[in-house]
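Listed below, chain by chain, are the residues.
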Amino acid sequence: DETMSTVPNSYQEDTSQCLPLHCLGGAKGVNQKTKPSDEVDDILVQGMNRLTFDELQKEQDDLHGVAGDTTERAERMNRLLSSLDDHLKGVKAGTAYESAERINKDYVSERDFRMRFLRANRYDPQASADQMLRFFDIKLNLFGKDKLVKDICLSDLDEDDVECLLNGSTFLSD
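Residues numbered from 1 in each chain as written. Predicted model: local features only at pLDDT ≥ 70, side-chain atom pairs only at ≥ 80, totals over all residues. Heavy atoms only, no water.

Chemist: What is the right way to look at the overall build of the protein in this model?
Modeler: Along the protein, the regular secondary structure elements total eight helices and zero strands. Starting at the N terminus and walking to the C terminus, you meet the elements of the protein as α-α-α-α-α-α-α-α. Here the protein holds 174 residues, and the buried ones make up 24% of them. For the protein, contacts bridging at least 24 residues in sequence account for 58% of all contacts bridging at least 6. (Helix = DSSP H or I, 4+ residues; strand = E, 2+ residues; numbered from the N terminus. Buried < 20%, exposed > 50% of the residue type's maximum accessible area, 1.4 Å probe, protein only. Contact = heavy atoms within 4.5 Å.)

As structure tokens, this is what we get:
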């Protein structure tokens, strides 16, 4: 025979300002007598509802594995970019990246361009270098050498490419 525990009164006070967080397991409300695991869910939901926006954002970031402090300080970013350059120097031989660098060094060396790869790889220079190499390999295969050091625009796509975009299987971003 299963014993039902009751939720302490301190958790039952003033729930009128709480928003339901259905994504946290569909809490049914503290005042309903349900199985003990639902009571735990209720307590968690009420606790989450009491968090400030910043506290809730931090919890969401932790839940989804987003790095805590992503503030981009100039000195740190310069070190990471330098490390990215070092990794690229060691692995670029014979790659599409090296071809792009020979065609237009400014394009591949542009700070904002490189920062996109660092941000996408959570500031890991080696992973960023590997992604840059793959990016230029794919770009070369899809668009050829003429467009290797050019931002691809809608006008660069053929009818099949445009149809693929329109059917929703692929998207463009800024």
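Chemist: I'm lost on the packing of helix H3 (residues 74-91) against helix H7 (residues 125-143) in this one. Help?
Modeler: The packing of two helices is summarised by the inter-axis angle and the distance between the axes. Two numbers describe how H3 lies on H7: the axes approach to 8 Å, and their chain directions differ by 50 degrees. Taken as axis vectors, H3 and H7 run oblique relative to one another. The way H3 lies across H7 gives a crossing that is right-handed. Contacts between H3 and H7 pair Leu80, Ser83, Leu84, His87, Leu88 and Val91 from the former with Pro125, Gln126, Ser128, Ala129, Met132 and Leu133 from the latter. Broken down by class, the residue content of the contact of H3 with H7 amounts to eight nonpolar, four polar and no charged. (Axes fitted to C-alpha atoms, helices over the stretch in contact; angles between N-to-C directions. Parallel < 35°, antiparallel > 145°, perpendicular 65-115°, else oblique. Left-handed = near helix turned anticlockwise from the far one by under 90°. Nonpolar A, V, L, I, M, F, W, Y, C, P; charged D, E, K, R; others polar.)

Chemist: Just checking my understanding: could you explain the packing of helix H6 (residues 111-120) against H7 for this structure?
Modeler: Relative to each other, H6 and H7 sit at 120 degrees, their axes nearing to 8 Å. The orientation of H6 with respect to H7, classified from their angle, is oblique. For the pair H6 and H7, the sense of crossing is right-handed. On H7, the residues that touch Phe113, Arg114, Phe117, Leu118 and Ala120 of H6 are Pro125, Ser128, Gln131, Met132, Phe135 and Phe136. For the contact of H6 with H7, the per-class residue count stands at eight nonpolar, two polar and one charged.

Chemist: Is there a simple way to explain the environment of valine 108 in this structure?
Modeler: For valine 108, the position within the fold is in helix H5 (residues 105-109). Owing to a relative accessible area of 0%, valine 108 belongs among the buried residues under this scheme. The spatial distance from the C-alpha of valine 108 to the C-alpha of valine 149 is 7.4 Å, given a sequence separation of 41 residues. Excluding residues within four positions of it along the chain, valine 108 makes contact with Tyr97, Ala100, Glu101, Phe113, Arg114, Met132 and Phe136.

Chemist: When you look at helix H8 (residues 159-166) in this model, what are you seeing that I'm missing?
Modeler: Side chains of residues three or four places apart in an α-helix project in the same direction, reflecting 3.6 residues per turn. Two or three places before aspartate 160, at the start of H8, stands the capping residue aspartate 158, its side-chain oxygen 3.1 Å from that residue's backbone nitrogen. Among the residues trailing H8, glycine 168 stands out with phi positive, at a value near 90 degrees. (Polar contact = N/O pair within 3.5 Å; in protein donor to acceptor, adjacent residues only side chain to side chain.)

Chemist: Sorry if this is basic, but what is going on with unusual backbone geometry here?
Modeler: The bulk of non-glycine residues show a negative phi, and the bulk of peptide bonds are trans. A positive phi angle, near 50 degrees, is found at arginine 122, a position not held by glycine. Within the secondary structure, arginine 122 is located in the loop between H6 and H7. Judged by its relative accessible area of 52%, arginine 122 is exposed.

Chemist: Help me understand the nonpolar core, please; the structure alone is not making it clear to me.
Modeler: It is characteristic of soluble globular proteins that their nonpolar side chains tend to be buried jointly. If you look at the biggest cluster of nonpolar residues, it comprises 21 residues, and the most contacted ones within it are Leu84, Leu88, Tyr97, Leu118, Met132 and Phe136. Among the elements that make up this core, the one with the highest residue count is H3 (five residues). (Core = buried A, V, L, I, M, F, W, Y, C linked by side-chain atoms within 4.5 Å.)

Chemist: When you look at the environment of phenylalanine 135 in this model, what are you seeing that I'm missing?
Modeler: With respect to the element layout, phenylalanine 135 can be found in helix H7. Taking the C-alpha atoms as reference points, phenylalanine 135 and phenylalanine 117, separated by 18 residues in sequence, lie 9.8 Å from one another. In contact with phenylalanine 135, other than residues within four places in its own chain, are Phe113 and Phe117.

Chemist: Looking at this structure, how should I read the side chain of lysine 92?
Modeler: Within the secondary structure layout, lysine 92 lies in the loop between H3 and helix H4 (96-103). For lysine 92, a relative accessible area of 18% puts it in the buried group. Apart from residues no more than four positions distant in its own chain, lysine 92 is found in contact with Tyr97, Glu98, Glu101 and Leu133.

Chemist: Any chance you could explain a negative patch on the surface here in plain terms?
Modeler: Where like charges cluster on the molecular surface, the negative patch consists of Asp158, Glu159, Asp160, Asp161 and Glu163. Within the secondary structure, aspartate 158 sits in the loop between H7 and H8. (Patch = residues over 30% accessible without salt bridge, like charges linked within 9 Å, V, L, I, M, F, W, Y side chains within 5 Å. Areas by Shrake-Rupley, 256 points an atom, 1.4 Å probe, with all protein chains shown as cover. Salt bridge = Lys/Arg side-chain N within 4 Å of Asp/Glu carboxyl O. Lys, Arg positive; Asp, Glu negative; His and termini not counted. Charge placed at Lys NZ, Arg CZ, Asp CG, Glu CD.)

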